[in-house]
Amino acid sequence: MEECVTAKKPPVLMTWWQGGERYADNISENGKELLFPFEGPALYGAPLWEQLEPDVKLKQVDFGVFFDKKRPLNFEIGMGNGEFIVKYAAGTPDENWLGVEVFRKVFAKAESRAVRSGLKNIRMIQFDAALILRLIPDGTLNSVYVNFPDPWPKSGHKRRRLLKTHFINLMASKLRPGGILQMVTDHDDYAEEICENLKGAEGIKSLFGSPYSRDTENCFHTKYYRKFAEKAGAYFFRYEKISGAD
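*Asks:* Just give me the short version of the sheet that holds strand β10 (residues 235-241), but keep the residues and values in it.
*Replies:* Sheet architecture is open: 8 strands sit in the order β2-β6-β5-β4-β7-β8-β10-β9, paired in mixed fashion. Bordering the open sheet on either side are β2 (42-44) and β9 (204-206), each of which pairs with just one other strand. Between one strand axis and the next, the sheet turns through 15 degrees on average, direction left out of account. When strand β4 (residues 73-77) meets strand β5 (residues 96-100), the two strands line up parallel, connected through 5 bridges. Looking at the pairing, phenylalanine 75 lines up with leucine 98 of β5. In the packing of helix α5 (residues 165-173) onto the sheet, contacts are made with β4, β7 (141-147), β8 (175-185), β9 and β10, and the angle to β8 comes to roughly 140 degrees.

Rendered as structure tokens:
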């Protein structure tokens, strides 16, 4: 039986571009597939999909077909200017890298960086990560990275934070056994919330002796880290998918 992604009713207070559970603006007719017409490494998705119909099913997608070779696939949510994904793609030529960024102007910078790199193992999509992630078949990703998501620091906005338990479980479900989930924040309150949300996470275990590490020696320092987090440091959550968890 072919797996499909089923749309959910959007919560009233969730905006589509924040991830989470609102897909009503992103779903096509019943039984249809989304098309990904890449012309180069980048695809501006919002104009293609934002008017799609709600409450239907979409077929899952083998994103490996959009690369020049089929290799292990890694996924970055919120690429920013593309510094991280280009650095890691260059260092792992035997792996593919798919990145998603919702903000169009920021995405354009990532596209420019990817084009200049000349790398063939990068594809990036400007759209809501929640939809793209749901289209990826379970148990297929080599790794998922979420670097410095918006902390929404005001108390009335915290519901908009991306790294809720249901979204962590969604990311974990896409990992192969032994796959890596890494989340990074420099916001103290957000780190505390992630720790709490991880208590309900399924099928993953920390690679540190605690939920997170403050040691950044082996982590790539992005422009955001150098500008905003270098002095105070950051919280690195690095988890492994447990074999046989699904």
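*Asks:* Which residues make up the pairing of β10, and what values do they have?
*Replies:* On a regular strand, each side chain points to the face opposite its neighbour's, so the side chains alternate between the two faces of the sheet. With 5 of 7 residues buried, β10 lies mostly within the body of the structure. Relative to β10, β8 runs antiparallel, the two sharing 6 bridges. Looking at the pairing, isoleucine 180 lines up with glutamate 240 of β10.

*Asks:* How would you sum up the packing of aromatic side chains? Please name residues and give values.
*Replies:* Scanning the model with the defined rule gives 12 aromatic pairs in all. When the centroid spacing of 5.4 Å and the interplanar angle of 50 degrees are considered together, the rings of phenylalanine 38 and phenylalanine 66 count as tilted. With phenylalanine 38 in the loop between β1 (4-6) and β2 and phenylalanine 66 in the loop between β3 (57-59) and β4, the pair connects residues that are 28 residues apart, well separated along the chain. According to the relative accessible area criterion, phenylalanine 38 is buried, its value standing at 17%.

*Asks:* I'd like a description of unusual backbone geometry, backed by residues and values.
*Replies:* If you check the backbone angles, phenylalanine 148 has positive phi at about 50 degrees while not being a glycine. Its location among the elements puts phenylalanine 148 in the loop between β7 and α5. Among the residues examined, phenylalanine 148 registers a relative accessible area of 15% and is labelled buried. Within the chain, tryptophan 152 stands out as a residue other than glycine whose phi angle is a positive 40 degrees. Locating tryptophan 152 in the fold gives a position in the loop between β7 and α5. For tryptophan 152, a relative accessible area of 11% corresponds to the buried category.

*Asks:* Now, about the nonpolar core: what can you tell me, with residues and values included?
*Replies:* The biggest cluster of nonpolar side chains holds 46 residues, and the ones touching the most others in it are Phe36, Phe63, Phe75, Ile77, Met171 and Met183. Secondary structure elements with two or more residues in this core: β4, β5, α4 (129-135), β7, α5, β8, α6 (188-198) and β10. Sorting elements by how many residues they give to this core places α4 first, with 6 residues. Phe84, Trp97, Ala114 and Tyr145 belong to the second largest nonpolar core, which has 13 residues in total.

*Asks:* Give a detailed account of the environment of methionine 171, specifying residues and quantitative values.
*Replies:* Inspection of the secondary structure puts methionine 171 in helix α5. The class of methionine 171 is buried, set by a relative accessible area of 0%. Remark: the alpha-carbon pair of methionine 171 and arginine 134, spanning 37 residues in sequence, is separated by 8.8 Å. With residues up to four places along the chain from it excluded, the contact list for methionine 171 reads Ile77, Leu133, Val144, Val146, Leu163, Leu181 and Met183.

*Asks:* Describe in detail the environment of aspartate 68, supporting the description with residues and values.
*Replies:* Structurally, aspartate 68 can be placed in the loop between β3 and β4. It is 9.4 Å that separates the C-alpha atoms of aspartate 68 and asparagine 96, two residues lying 28 residues apart in sequence. Filtering out sequence-adjacent residues up to four positions away, aspartate 68 remains in contact with Lys120 and Arg123. In terms of polar contacts, aspartate 68 uses its side chain to reach the side chain of arginine 71, at 2.6 Å.

*Asks:* Describe α6, and please don't skip the residues or the numbers.
*Replies:* Turning to α6, its buried residues number three or more, namely Tyr190, Ala191, Glu193, Ile194, Cys195, Asn197 and Leu198. The inward-facing, buried residues of α6 abut α5, β8, β9 and β10.

*Asks:* How would you sum up the side chain of glutamine 182? Please name residues and give values.
*Replies:* Relative to the elements of secondary structure, glutamine 182 occurs in strand β8. Here the side chain of glutamine 182 touches arginine 238 through a polar contact of 2.6 Å, side chain to side chain. In this structure glutamine 182 touches Val144, Tyr145, Val146, Asn147, Phe236, Phe237 and Arg238, once residues within four positions along its chain are discounted.

*Asks:* Could you give me a rundown of helix α3 (residues 104-117), with the residues and numbers involved?
*Replies:* Three or four residues apart is the spacing at which side chains of an α-helix point the same way, because the helix has 3.6 residues per turn. End to end, α3 covers 20 Å across 14 residues, agreeing with the expected 20 Å (1.5 Å per residue, within 8%). Two residues or fewer after α3 comes glycine 118, characterised by a positive phi angle close to 70 degrees.

Reading guide: rules and limits
- Residues numbered from 1 in each chain as written.
- Predicted model: local features only at pLDDT ≥ 70, side-chain atom pairs only at ≥ 80, totals over all residues.
- Heavy atoms only, no water.
- Pairing = 2+ DSSP bridges.
- Helix = DSSP H or I, 4+ residues; strand = E, 2+ residues; numbered from the N terminus.
- Axes fitted to C-alpha atoms, helices over the stretch in contact; angles between N-to-C directions.
- Contact = heavy atoms within 4.5 Å.
- Buried < 20%, exposed > 50% of the residue type's maximum accessible area, 1.4 Å probe, protein only.
- Phe/Tyr/Trp six-rings, centres within 6.5 Å; stacked < 30°, edge-to-face > 60°.
- Core = buried A, V, L, I, M, F, W, Y, C linked by side-chain atoms within 4.5 Å.
- Polar contact = N/O pair within 3.5 Å; in protein donor to acceptor, adjacent residues only side chain to side chain.
- Expected span 1.5 Å × (residues − 1).

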